[in-house]
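What the coordinates show
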Amino acid sequence: MEGSLTMSVFSPLFTSLGSLLTHLADALDPLLGASATAGAIVVFTACVRLALHPLTRSAARGERARAELAPRLAELRRKYGKKPERLKEEAAKLYAETGTSPLAGCLPMLVQLPVFYVMYHLFSTGDGGGDLLKHKLLAAPLGGRWADALDEGGPLGAQGLVYVALFALMAVVATWTYLRNRKTAAALPAAAGADAQAPGMATMVKLMPLLSFGTLVTAAVVPLAAGLYLVTTTTWTAVERAYLQPLRTPEGREKQAGREKQAGRASAT
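Residues numbered from 1 in each chain as written. Predicted model: local features only at pLDDT ≥ 70, side-chain atom pairs only at ≥ 80, totals over all residues. Heavy atoms only, no water.

Topic: the layout of surface pockets
To find the voids left in a structure, one rolls a probe of water-molecule size over its atoms. In this structure, the second largest pocket encloses a volume near 170 Å³. For the second largest pocket, the lining is made up of 14 residues, of which T22, A25, D26, T37 and H135 are closest to its centre. Contributions of two or more residues to the lining of the second largest pocket are made by α1 (2-32) and α2 (36-51). Take the lining of the second largest pocket: its biggest share by element is six residues, from α1. When its residues are assigned to classes, the lining of the second largest pocket shows five nonpolar, six polar and three charged. (1 Å grid on protein atoms, 1.4 Å probe; cavity = no way out; pocket = protein on both sides within 12 Å on 5 of 7 lines; lining within 4 Å. Points joined across faces, edges and corners; volume = space filled by probe spheres on them. Helix = DSSP H or I, 4+ residues; strand = E, 2+ residues; numbered from the N terminus. Nonpolar A, V, L, I, M, F, W, Y, C, P; charged D, E, K, R; others polar.)

Concerning unusual backbone geometry
The backbone phi angle of L138 is positive, close to 55°, even though this residue is not glycine. For L138, the position within the fold is in the loop between β1 (136-137) and β2 (140-141).

A look at the packing of helix α3 (residues 53-80) against helix α4 (residues 84-98)
Following both chains from N to C, one finds α3 and α4 inclined at 160°, their axes separated by 9 Å at the closest point. As judged from the angle between their axes, α3 and α4 are roughly antiparallel. Here α3 and α4 pass one another in a crossing that is right-handed. Of α4, the residues touching α3 (which contributes L69, R72, L73, L76, R77 and Y80) are P84, R86, L87, E90, A91, L94, Y95, E97 and T98. A class-by-class count of the residues in the contact of α3 with α4 yields nine nonpolar, one polar and five charged. (Axes fitted to C-alpha atoms, helices over the stretch in contact; angles between N-to-C directions. Parallel < 35°, antiparallel > 145°, perpendicular 65-115°, else oblique. Left-handed = near helix turned anticlockwise from the far one by under 90°. Contact = heavy atoms within 4.5 Å.)

A few points about a nonpolar patch on the surface
The grouping of L107, L110, V111 and L113 at the surface amounts to a nonpolar patch, some 390 Å² of accessible area in total. Topologically, L113 is positioned in helix α5 (residues 106-125). (Patch = residues over 30% accessible without salt bridge, like charges linked within 9 Å, V, L, I, M, F, W, Y side chains within 5 Å. Areas by Shrake-Rupley, 256 points an atom, 1.4 Å probe, with all protein chains shown as cover. Salt bridge = Lys/Arg side-chain N within 4 Å of Asp/Glu carboxyl O.)

With respect to the pattern of salt bridges
This structure, assessed with the given rule, holds five salt bridges. A salt bridge links E240 to R49; its shortest N-O distance comes to 3.2 Å. Taken together, the positions of E240 in helix α11 (residues 224-244) and R49 in helix α2 put the pair 191 residues apart, joining distant regions of the chain. Overall, R49 belongs to the buried group, its relative accessible area being 5%. Here E90 ties to K93 by a salt bridge, and the two come within 3.8 Å at their closest N and O atoms. (Buried < 20%, exposed > 50% of the residue type's maximum accessible area, 1.4 Å probe, protein only.)

Let's talk about the environment of L50
Along the chain, the position of L50 falls in helix α2. Since its relative accessible area comes to 54%, L50 is described here as exposed. Sequence-wise, L50 and E240 are 190 residues apart; in three dimensions their C-alpha atoms are separated by 9.8 Å.

Remarks on the nonpolar core
Most often, soluble globular proteins keep nonpolar side chains buried together rather than apart. With 36 residues, the main nonpolar core has I41, F123, L142 and L224 as its most contacted residues. Of all the secondary structure elements, the ones that give two or more residues to this core are α1, α2, α5, α7 (158-187) and α11. By residue number, the principal contributor to this core is α11, which donates seven residues. Setting aside anything within four residues of it in sequence, one finds L142 in contact with T37, A38, I41, L132, L133, H135, K136, L137, P223, L224, A225 and L228. Membership of the second largest hydrophobic core comes to eight residues, among which are L73, Y80, A91 and Y95. (Core = buried A, V, L, I, M, F, W, Y, C linked by side-chain atoms within 4.5 Å.)

Printed below as a string of structure tokens:
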């Protein structure tokens, strides 16, 4: 009942997006031929992510603000850990002083979730997209799954090779994201990464980078159209995060702090 209500609410949106996708596929047809709809999924996903970029920038700023406050919050926990009320007051003062909040950066991400849900649903079910899933990417139907490709000729068959290429690209993006997340975690100040009041947090921090490989598992069981959406949006996310959140090693932070101090002295004189 709840699922059907949700579908009825989003149904006009699915239809509108499906219509846009069809027009985009028609525009790409002279260039991509039978694979125009697959190309339209990639282009459409990239356009939506580009439109959401301001929200992502806002979320990145919030994440940076929380990361910068983490050492000071950890110090407050060490100092007032046995005085919960005092800890709450001092933390509130710190957030007020810096003009941020514990939820900084979360709201922009929450706003994006319905958009991602609608797009994933459209590409995984074809609701509102007409004959979206009946088209092909080379030899592989957009509505087919990896298991279907294996039945049609194995991993090296005409359909199987499409999935091999898709999985290879996903693996490259996932590996890059994993290595980058590990470097980011290693570059965090010890006070920011260690919280004695959060048992199991260290284990979670170690496991989080592995989540980037979850898209490989998902792509193996969803329709190819949804797999194209996943590889496009995860690739966009990886590049976008690298652009918005360049890695900061401890040495890099010290150099940046030194430059800011010099700039402050120069402006004072």
